[in-house]
Amino acid sequence: MEAISVRIHPSWKEVLREEFSKPYFRELAVFVREQYLKGAAYPHPKNLFRAFDLTPFDAVRVVIVGQDPYPNPGQANGLAFAVNPEVPEPPSLKNIFREIEAEFGRAPHTGRDLLSWARQGVLLLNAVLTVRPGEPASHRGKGWEEFTNAVLRALNEKKDSLVFLLWGADARKKRQFIEANRHLMLEAAHPSPLSAERGFFGCGHFKKANEYLAAHGKDPIDW
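Each value, and the rule that gives it
- Residues numbered from 1 in each chain as written.
- Predicted model: local features only at pLDDT ≥ 70, side-chain atom pairs only at ≥ 80, totals over all residues.
- Heavy atoms only, no water.
- Axes fitted to C-alpha atoms, helices over the stretch in contact; angles between N-to-C directions.
- Helix = DSSP H or I, 4+ residues; strand = E, 2+ residues; numbered from the N terminus.
- Parallel < 35°, antiparallel > 145°, perpendicular 65-115°, else oblique.
- Left-handed = near helix turned anticlockwise from the far one by under 90°.
- Contact = heavy atoms within 4.5 Å.
- Nonpolar A, V, L, I, M, F, W, Y, C, P; charged D, E, K, R; others polar.
- Buried < 20%, exposed > 50% of the residue type's maximum accessible area, 1.4 Å probe, protein only.
- Salt bridge = Lys/Arg side-chain N within 4 Å of Asp/Glu carboxyl O.
- Pairing = 2+ DSSP bridges.

*Asks:* For this particular structure, what's the right way to read the packing of helix α3 (residues 23-37) against helix α7 (residues 144-158)?
*Replies:* Helix-helix packing is characterised by the crossing angle of the two axes and by the distance between the axes. Running from amino to carboxyl end, α3 crosses α7 at an angle of 125°, the nearest separation of the two axes being 9 Å. By the angle between their axes, α3 is oblique relative to α7. You can see that α3 and α7 cross each other, and the crossing is left-handed. Packed against α3, whose contacting residues are Tyr24, Phe25, Leu28 and Val32, the element α7 presents Trp144, Glu146 and Phe147 at the interface. Partitioning the contact of α3 with α7 into residue classes produces 6 nonpolar, no polar and 1 charged.

Quick look at the structure:
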């Protein structure tokens, strides 16, 4: 992946060192490089591992797992559910903010880029890290799922008392890599308008996450 100038925090490079050398990842790297050379992938290559660059391994307190990047031009920026400040809020992000307002009785204390969350230790991770423009889920089955499984296994095994928020079917498949007796795992429907009414609204995940963190001697997240 070095050939496309990705950035990733050194702590994650160390944790995932063995993963980067496995045959499946080498095949994935070839596929992703080819897609970028064709101009056929989001996010921009410099943002491919942005979630890992902004939130060092040792800083992670909460993991939000989504599906794959936004497939529309100008939206995907390397953080699950986030967009850059000048980009209108996508429907899923609007629904996330709506749930926060319902839980806390106030507007979210973050911009739509979600940088404040990432800097507080919220790893904004998609199950698949790239997508073809205009085609949701188009890079499924190329190896990203195996890579993000490894990310979750590392967090599960090397850290204690994390909060995992699994939203949507793709994210909920990851439950098998998380030990419920060591961490808090919360599952809900995806915040997309297609599914938010079926279990995302009213999930209470943001308050539950903070209550768990406080109970385990960690600072809550300023959502």
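*Asks:* What should I look at first to understand unusual backbone geometry in this one?
*Replies:* Leaving glycine aside, a negative phi is the common case for residues, and trans is the common case for peptide bonds. With omega at 0°, the peptide bond leading from Tyr42 into Pro43 counts as cis. On the secondary structure map, Pro43 appears in the loop between α3 and α4 (50-54). If you check the backbone angles, Leu114 has positive phi at about 55° while not being a glycine. Tracing the sequence through the fold places Leu114 in the loop between α5 (91-104) and α6 (115-119). Under the relative-accessibility criterion, Leu114 is labelled buried at 1%. Even without glycine at this site, Ser161 takes up a positive phi of about 55°. Looking at where Ser161 falls in the secondary structure, it is placed in the loop between α7 and β3 (163-167).

*Asks:* What should I look at first to understand the pattern of salt bridges in this one?
*Replies:* For the coordinates displayed, the defined rule picks out 11 salt bridges. As a salt-bridge pair, Arg182 and Asp160 come within 2.9 Å of each other at their nearest N and O atoms. One end of the pair, Arg182, is in the loop between α8 (169-172) and β4 (184-188); the other, Asp160, is in the loop between α7 and β3, and 22 residues separate them in sequence. Two residues, Arg175 and Glu187, come together in a salt bridge whose shortest N-O distance is 2.7 Å. Taken as a pair, Arg175 in the loop between α8 and β4 and Glu187 in strand β4 lie far apart in primary sequence, 12 residues in all. Exposure remark for Arg175: the relative accessible area of 39% places this residue in the partly exposed category. You can call Glu187 partly exposed: its relative accessible area is 27%.

*Asks:* I'm lost on the sheet that holds strand β2 (residues 122-126) in this one. Help?
*Replies:* Note on sheets: strands pair through backbone hydrogen bonds, and any given pair is parallel or antiparallel. Across the sheet, which stays open at both edges, the 4 strands sit in the order β2-β1-β3-β4 with parallel pairing between neighbours. Taken across any chain shown, the strands that pair with only one partner, and hence form the sheet edges, are β2 and β4. Geometrically, the sheet is characterised by an average inter-axis angle of 15° between neighbouring strands, direction not taken into account. Seen against the sheet, α7 touches β1 (62-66), β2 and β3 and runs at an angle of roughly 155° to β2.

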